[in-house]
Amino acid sequence: MLMRLLCAALFLLLTTALGQEPASPPSKSSSPVTLSEDQIRDLIRQSADNDLENDKKQRNYTYVEREEERRLDGKGQVKSTEVRTYDVMEIYGEQVEKLTAKDDKPLSDKDAKKEDEKIQKLIDKRKNESEDDRQKRLEKEEKEREDERKFVKEIADAYNFKFMGIESIDGRDNYVIDCDPKPDYQPHMKEAKFLTKACGRVWIDKDDRQMKKLDVLFIDTVSYGLFLARIHKGSRVVVETVRINDEVWLQKHVAVKIDVRVALLKNFNVEVDVADSNYKKFGSTTKITTLGEPTPKQCLK
């Protein structure tokens, strides 16, 4: 899912949901390092820009995504579990998920055929797309990317940042930064209104200036629409990325625990674990063929 910056609003919205224990403090570096708040803002912007580039490069990769959703009862006990596994690919510039298994069992022949037909339908649509429709689609995608850039600026401006030290993850040093919302900040974008109600901690790879890990916690309830959805205080998400082929950082794992109320329905307490693996890069000769052919303040301190 991660859950990348192209969906930053939704991503940070969901990135708020695992327990409320404080995160462990970063280990001390052998040589003292410190960053000013201005340096941190530049680092955050660099990391966000790099993440947008990662999104472009991700289009050259296929991968497997396994999503496990657990519904909880009022006591926090698991009452049902659903697992779905997807092959994720790019078709004519559009990311597509093909369901391949449910509850870790392959799809029936009937369901597998439906998935093949869904993919084929998209292939046919793109193959027969008029130049006018293609141009409109590309303009829409560019507008979305521009909105992402604006949202990144909101993130950098909406928080007070504090350098917490350096921590080694997977053998690489990472800057550890805490992010606390400015109490008087007025969001410019509608999608950014929840930024003042979420705090977090981010780990940024020291050498590559890439986001290695993000841990965000809602410290207040956020409402969307006319009582259509309420994300409750305490919801939390942890997102982790991995370095692939020494050229790109892609989502590795997302852990979500969210307490949400939709419309007038009862609350839903849900835990979601998403694991992305088996990244494979398209070769230059790859072709698409027709299917069928061969606390008080609990800000992670």
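Residues numbered from 1 in each chain as written. Predicted model: local features only at pLDDT ≥ 70, side-chain atom pairs only at ≥ 80, totals over all residues. Heavy atoms only, no water.

### Details of the packing of aromatic side chains
What counts is decided by this rule: In summary, the pairing rule links any two rings of Phe, Tyr or Trp, Trp by its six-membered ring, whose centres are within 6.5 Å, and it sorts them by plane angle into stacked for under 30 degrees, edge-to-face for over 60 and tilted for everything else. In this description a helix means any DSSP run of H or I spanning at least four residues, a strand means any run of E spanning at least two, and both kinds are numbered starting from the N terminus. Each residue is placed in one exposure class: buried if its accessible area under a 1.4 Å probe, protein chains only, is under 20% of its type's maximum, exposed if it is over 50%, and partly exposed if it falls in between. Each ring is checked for a lysine NZ or an arginine CZ that lies within 6 Å of its centre and within 35 degrees of its normal; such an atom marks a charge sitting over the ring.
A complete count under the given rule lists four aromatic pairs for this structure. Their ring planes at 65 degrees and their centres at 6.1 Å tell us that Phe163 and Tyr175 sit as a pair that is edge-to-face. Here Phe163, found in strand 5 (residues 159-169), pairs with Tyr175, found in strand 6 (residues 172-181); they are twelve residues apart in sequence, far enough to count as distant. Note on Phe163: relative accessible area 15%, which makes it buried. Joined through ring pairs, the aromatic side chains of Tyr61, Tyr63 and Tyr279 make up one cluster. Directly above the aromatic system of Trp203 lies the positively charged group of Lys213, at a separation of 4.7 Å from the ring centroid.

### A short note on the state of the cysteines
Heads up, the condition is: In this description, a disulfide is simply a cysteine sulfur pair whose atoms lie within 2.5 Å.
One pass over the structure, following the stated rule, counts zero disulfides. Cys179 forms no disulfide, and the closest cysteine sulfur to it belongs to Cys199, at a distance of 8.8 Å.

### Describing unusual backbone geometry
Most peptide bonds are trans, and most residues other than glycine sit at a negative phi. In this structure, Asp104 takes a positive phi of about 65 degrees despite not being glycine. On the secondary structure map, Asp104 appears in the loop between strand 3 (94-102) and strand 4 (105-106). With a phi close to 55 degrees, Asp170 is a non-glycine residue in the positive phi region. Within the secondary structure layout, Asp170 lies in the loop between strand 5 and strand 6. The exposure class of Asp170 is exposed, given its relative accessible area of 58%.

### A look at the pairing of strand 8 (residues 211-218)
Heads up, the rule is: One bridge is not enough; two strands pair if DSSP finds at least two bridges between them.
Burial of strand 8 is extensive: seven of the eight residues sit out of reach of the surface. Here strand 7 (residues 198-205) pairs with strand 8 via seven bridges, running antiparallel. Within strand 8, the position partnered with Gly200 by the bridge is Val216. Counting the residues in the hairpin turn of strand 7 and strand 8 gives five residues, including Arg209, whose phi is positive at 55 degrees.

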